[in-house]
Amino acid sequence: MRMIKRENISNKKAIQIRTGAIIGSLILSGLFIFFLGHNPLDVFISMMDGAFGSIYRIKDTINIIIPLIMTSLGLMIAFKMKFWNIGGEGQILIGALFASYFALNFSFLPKPILLLVMFIFGFIGGALWALVPAVLKVKFETNETITTLMMNYIALNLVTYLQYGPWKDPQSFGFPKIANFTENALLPKVFGLHIGWIVTILAVVIISIFVSKTKYGYEIKVVGESKDTANYSGIRVNRVIIRGLIISGGICGIVGMMEVSGVNGTLTDQVSAGYGYTAIITTWLSGLKPSFIIPVSVLFAGLIKGGGFIQTAYQIPQSAAEIIQSMILFFVIGSEFFVQYKLVPDKRNEKGRERNVS
Amino acid sequence: MDQNIYVKMEGISKSFGTVKANDNVNLTVKKGEIHALLGENGAGKSTLMNMLSGFYKPDSGSIYIHGEAVKFDSPKDSIKKGIGMIHQHYKLVEAMTAAQNIVLGQKGSFFLSQKKIKEKIKKVAESYGLNINYDKKIYEMSIGEKQGTEILKVLYQGADILIMDEPTAVLTPQETEKLFKILKNMAREGCSIIIITHKLQEVMEISDKVTVLRKGQTVKTLETKNTNSKELTDLMVGRAVDLSIENPKVELGEEILKVEGLTAEDIEKVEVLKDISFSLHKGEILGVAGVAGSGQKELCEAIAGLYKIKKGKILFENENLVGLSPRDIIYRGISMSFIPEDRLGMGLVASMDMVDNYLLKEQHKQKGIFIKRKPVKEKCKSMIDKLEIQTPGTSHPVKQLSGGNIQKVLIGREIDTNPHVLITAYAVRGLDIASSHTIYDLLNEQKKKGVGILFIGEDLDVLLKLCDRIMVLSSGKVTGIVSTKETTKEKIGFLMSDEIDTEVIAL
């Protein structure tokens, strides 16, 4: 067998392949659950149930969907330039850190102004954290995969240091915890969810327009396709990369701000919750298209939430729950290969056999 | 079967995906015959030869070598049957001597006797009149010598059927002449030679027979002495073609571009442009000739602001362009279109459609932050009509267009920017004859408008007809600038081989 690239694929065929993959993943992980001694069907149903089974659970899942979509949007802009921004985690953390600084020290400001300041500085924090690798790349051609990753560790340890040291709440009885924000530093709720969901919807719309309708989006696309061509056509490549990374990191920074202000109510070293890494997968799976980021993020959030739920409901160990999540992911991601390529029998061998017979 | 028929290919078909590269092709080559395989790009010449040399397998049809039916599984099988193929890009180990390259990959005893090998090489070389210093390292050799080594290698392997893929593309006219002499010797010694080409003059000069391919099918096999260039062109294109290239008389305008002492280095600090000086006038086509890699690409890029300049000046209307960004140079009305071997290169983005590719040069002119695609779409449509571009529509990725159409998109866009100076390199590379003429007409139209055109070309015959003056480059140096009315192909060929003609420069 050998693989060849598909010329064109009909929508119907693509859907068939993807559906097949999901069925395959259910069968395989079902077998796994069966060997753990549970009824696969029950476990799947309760996974769904755990993620979307009640208003309360749906809200919980949406609280994961929001940061996943936002972070994916941010990474997408960098990925479109083939700038591999692995630093979403760090950018979220620093965005959260900057926002928290104002929440903790300027709590006397009126709520709308304080939130606006936190929002802006959340963006600035994330942007700054992405700017460092961007400048290094532009000036010294450093490998951005390494630098953005390293920046994650710096951010994480910086927040941990503040949490255990200077920013530790004196009233926490020695417990390493930063003080809770005051009420006017918390995001208001709309329909029982923090207002971040509206920000997210707006962001999807704005970023969609940005990438497809503006000159900046166009330049980002050209730079991603070929830096030589961009340069030849008079696009200032370095400027485009720096600008793109400010936006990419800035959006991740906003995620940090929304998490501290809308979900946690304070800053912890757990605030990024792996979104920066999970979003790499969701961004990639969405094919770098803003509109596809939404369904992919919903699927992932459901998997995370549902996987957590079956741990408690069935006393399945965390590692086993993660195996199930990974199997489903493996199939879903793997199916993309078959959407782009098909396997055909190797003609060469057949001919060889023919000849031997004759 | 007749033992004198060395190669017989019957009813050969080969498809790649949905493309039929060869469709029921027939070819017969006799002993001692030089057989030209003529056809435009994409006519299926290379595919056919790759099947004869074992790189591809035919989907159907049969191949007979020396009268015996064969099926090749790999190039090794075809070498065993006495077939040697010389590719456009030589496959030699640079750090080894010619002799070492020749015995490379040969079966034999574990210990090779240097003396015996050299004796055998010498014998082979002498019998075909090939003069090569086989103790010379490949990297010290000229292109012609490298080609000689390749030929000697396949002869040493015992080949009596030689396939040459566009052998003259990288040679100066003088080297070509030498090669033809060798080929004629080989034919006299009883070898069969198949030469792939799209240059008509060469076919007429060297071949005994010629087979014309068009769109994967054999059109006709003719005796060379019974035909002429005109007939061959018509067969190649499939209809009658006007072969003349216009050179409209235009009043020479003022000097628009002046290059003085331009010197540039590549990454390894090797000088790729050495003290280049020339001037370009409004309403003039200045041709640039030279064997491949003489600094043409670097010169284009230097003027467009894409190549770092070490020394010298590029004056555009008395303003020095050196140090300006590509963007600033575009703003001044200097447009560059370079067609690289893979055609897409840096002028176009393969995955984007025509509109977005047009926008590469257009977006700077649009005001505001939003990009306006509608007016560009209209411009693309009129370009499609004007240049007869074959495309399903303006929103089709350009990489799915054929090579010729891709080039029309690129050059059409550059012309639409209304440049003052138009630099075009290899504008007709790989184009069929009709498309080439469309491009020549476009350039002449620009010339009449008073645009200064720098035309970097490959085919000397075209350069001589189209251009007003020709500048010859050789290893990064200008070896002469001559008026096309007062020069000959031989003279230019002489300049191409690195000998500065002080007299000509003085002109």
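Residues numbered from 1 in each chain as written. Chains lettered and ligands numbered in written order. Predicted model: local features only at pLDDT ≥ 70, side-chain atom pairs only at ≥ 80, totals over all residues.

1. Observations regarding the overall build of chain B
From N to C terminus, chain B includes 17 helices and 20 strands. Taking 2.2 N^0.38 as the reference for a compact globule, 507 residues should give roughly 23 Å; the C-alpha atoms of chain B span a radius of gyration of 25 Å, in line with that estimate. For chain B, the C-alpha atoms occupy an extent of roughly 70 × 50 × 45 Å along the three principal directions. Relative to all contacts within chain B whose residues are 6 or more apart in sequence, the contacts with residues 24 or more apart total 69%. (Helix = DSSP H or I, 4+ residues; strand = E, 2+ residues; numbered from the N terminus. Rg over C-alpha atoms; globule rule 2.2 N^0.38 Å. Contact = placed C-beta atoms within 7 Å.)

2. A short note on the overall build of chain A
Counting secondary structure elements, chain A contains 14 helices and four strands. Its C-alpha atoms give chain A principal-axis dimensions of roughly 90 × 60 × 35 Å. Among the 358 residues that make up chain A, the fraction classed as buried is 40%. (Buried ≥ 20, exposed ≤ 12 C-beta atoms within 10 Å, placed from the backbone.)

3. Thoughts on the domain arrangement of chain A
Residues and elements named next belong to chain A. Examined at the domain level, chain A breaks down into domain 1 (1-38 + 316-329 + 340-358) and domain 2 (65-313). Centre-to-centre separation of domain 1 and domain 2, based on C-alpha positions: 34 Å. Contacts between domain 1 and domain 2 engage seven residues on the former and four residues on the latter. In terms of residue class, the side of domain 1 that touches domain 2 is built from four nonpolar, two polar and one charged. (Domains from an automatic or database assignment. Nonpolar A, V, L, I, M, F, W, Y, C, P; charged D, E, K, R; others polar.)

4. Here we look at the domain arrangement of chain B
Residues and elements named next belong to chain B. Entries for chain B in the domain assignment read domain 1 (5-237) and domain 2 (255-350 + 417-506). Taken together, the nine residues of domain 1 in the interface contact 11 residues of domain 2. Elements that contribute at least two residues to the side of domain 1 that touches domain 2 include exactly helix H6 (173-188) and helix H8 (229-237). When grouped by side-chain class, the residues that make up the side of domain 1 that touches domain 2 number four nonpolar, four polar and one charged.

5. Here's the deal with helix H12 (residues 374-387) of chain B
At 3.6 residues per turn, the α-helix brings residues three or four places apart onto the same side. Residue and element names in this part refer to chain B. Here H12 is 14 residues long and its end C-alpha atoms lie 20 Å apart, about the 20 Å a rise of 1.5 Å per residue gives. Listed as buried for H12 are Val 376, Cys 380 and Leu 387. Buried residues of H12, seen end-on, are gathered within an arc of 50° and therefore sit on one face of the element. Summarising the geometry of H12, the exposed residues directed more than 90 degrees from the buried face are Lys 374, Pro 375, Glu 378, Ser 382 and Asp 385. (Expected span 1.5 Å × (residues − 1). Arc of directions from axis to C-beta.)

6. Some points on the interface of chain B and chain A
Counting residues at the interface gives 21 residues for chain B, matched by 18 residues for chain A. Elements supplying a minimum of two residues to the side of chain B that touches chain A: helix H10 (326-331) and helix H11 (354-362) of chain B. Classifying every residue of the side of chain B that touches chain A by side-chain character gives 12 nonpolar, five polar and four charged.

7. Regarding the confidence of the model for chain A
The pLDDT averaged across chain A works out to 88; a share of 94% of its residues lies at or above 70. Taken as a whole, residues 348-358 of chain A scores under 50 in pLDDT and shows three contacts with residues more than four places along the chain or in a different chain. (pLDDT = per-residue confidence, 0-100.)

8. Remarks on the environment of Asp 416 of chain B
Residue and element names in this part refer to chain B. One can find Asp 416 in helix H13 (residues 403-416). Asp 416 gets classed as partly exposed once you count the C-beta atoms within 10 Å, which come to 17. Put simply, Asp 416 and Lys 361 are 55 residues apart on the chain and 9.5 Å apart in space, counted from C-alpha to C-alpha. Every residue in contact with Asp 416, bar those within four places of it in the chain, is listed here: Lys 379 and Met 383.

9. Side note on unusual backbone geometry
Residues and elements named next belong to chain A. The residue Glu 141 is not glycine, and still its phi comes out positive at about 55°. Along the chain, the position of Glu 141 falls in the loop between helix H5 (111-140) and helix H6 (144-164). One non-glycine residue, Ala 273, lies in the positive phi region at around 50°.

10. Regarding the sheet that holds strand S6 (residues 83-86) of chain B
All names here are of chain B. The strand order S6-S7-S8-S3-S9-S10 describes an open sheet built from six strands, whose pairing is mixed. If you trace the sheet from one side to the other, it starts and ends with S6 and strand S10 (217-223), each paired once. On average, each strand axis in the sheet is tilted by 20° relative to the strand beside it, whichever way the strands run. As defined by bridge partners, S6 adjoins strand S7 (residues 161-165) across four bridges and the pair is classed as parallel. Looking at S7, one finds that Met 85 is bridged to Ile 163. (Pairing = 2+ DSSP bridges. Axes fitted to C-alpha atoms, helices over the stretch in contact; angles between N-to-C directions.)

11. Some remarks on the packing of helix H8 (residues 215-225) of chain A against helix H10 (residues 237-264) of chain A
Residues and elements named next belong to chain A. Put simply, H8 and H10 touch, their axes get as near as 10 Å, and they point 110° apart. Comparing their axes, H10 and H8 come out roughly perpendicular. With respect to the hand of their crossing, H8 and H10 are arranged in left-handed fashion. Seen from H8, the contacting residues are Tyr 216, Glu 219, Ile 220 and Val 223; seen from H10, they are Val 237, Val 240, Ile 241, Arg 243 and Gly 244. Among the residues forming the contact of H8 with H10, the class breakdown is six nonpolar, one polar and two charged. (Parallel < 35°, antiparallel > 145°, perpendicular 65-115°, else oblique. Left-handed = near helix turned anticlockwise from the far one by under 90°.)

12. Regarding the nonpolar core
The biggest cluster of nonpolar side chains holds 166 residues, and the ones touching the most others in it are Met 118 of chain A together with Phe 455 of chain B. By size, the runner-up hydrophobic cluster in this structure holds 55 residues, among which are Leu 38, Ile 63, Ile 132 and Cys 191 of chain B. (Core = buried A, V, L, I, M, F, W, Y, C linked by C-beta atoms within 7 Å.)

13. Side note on the environment of Ala 304 of chain B
As for its placement among the helices and strands, Ala 304 of chain B is situated in the loop between helix H9 (296-303) and strand S14 (311-316). A C-alpha to C-alpha distance of 20 Å links Ala 304 of chain B and Ala 292 of chain B, two positions 12 residues apart in sequence. What Ala 304 of chain B contacts, discounting residues up to four positions off in sequence, is Tyr 232 of chain A together with Pro 326, Ile 329, Ile 334, Met 336 and Ile 423 of chain B.

14. Description of the packing of helix H7 (residues 196-213) of chain A against helix H12 (residues 290-314) of chain A
Working note: a packed helix pair is described by the angle between its axes plus the distance between those axes. Residues and elements named next belong to chain A. Look at H7 against H12: their axes get within 9 Å of each other, and the N-to-C directions meet at 145°. Touching Val 204, Ile 207, Ser 208 and Val 211 of H7 are Pro 290, Ser 291 and Ile 294, all from H12. Split by residue class, the contact of H7 with H12 holds five nonpolar, two polar and no charged.

15. Focus on the confidence of the model for chain B
Residues and elements named next belong to chain B. Residues with a pLDDT of 70 or more make up 93% of chain B, whose mean pLDDT is 84. Below pLDDT 50 for its whole length, residues 500-507 participates in eight contacts with residues either more than four positions away or in separate chains. In the model output, the complex is listed with pTM 0.74 alongside ipTM 0.77.

16. Quick notes on the sheet that holds strand S19 (residues 469-474) of chain B
Residue and element names in this part refer to chain B. Strand order in the open sheet formed by six strands is S16-S17-S18-S13-S19-S20, with mixed pairing between adjacent strands. Every interior strand has two partners, whereas the edge strands, strand S16 (334-338) and strand S20 (477-483), have only one. Strand after strand, the sheet turns through a mean of 15° between neighbouring axes, direction not considered. When strand S13 (residues 284-289) meets strand S18 (residues 452-456), the two strands line up parallel, connected through five bridges. The partner of Val 288 across the bridge, within S18, is Ile 456. Against the sheet, helix H14 (residues 433-448) contacts S13, strand S17 (421-425) and S18, and its axis sits at roughly 150° relative to S18.

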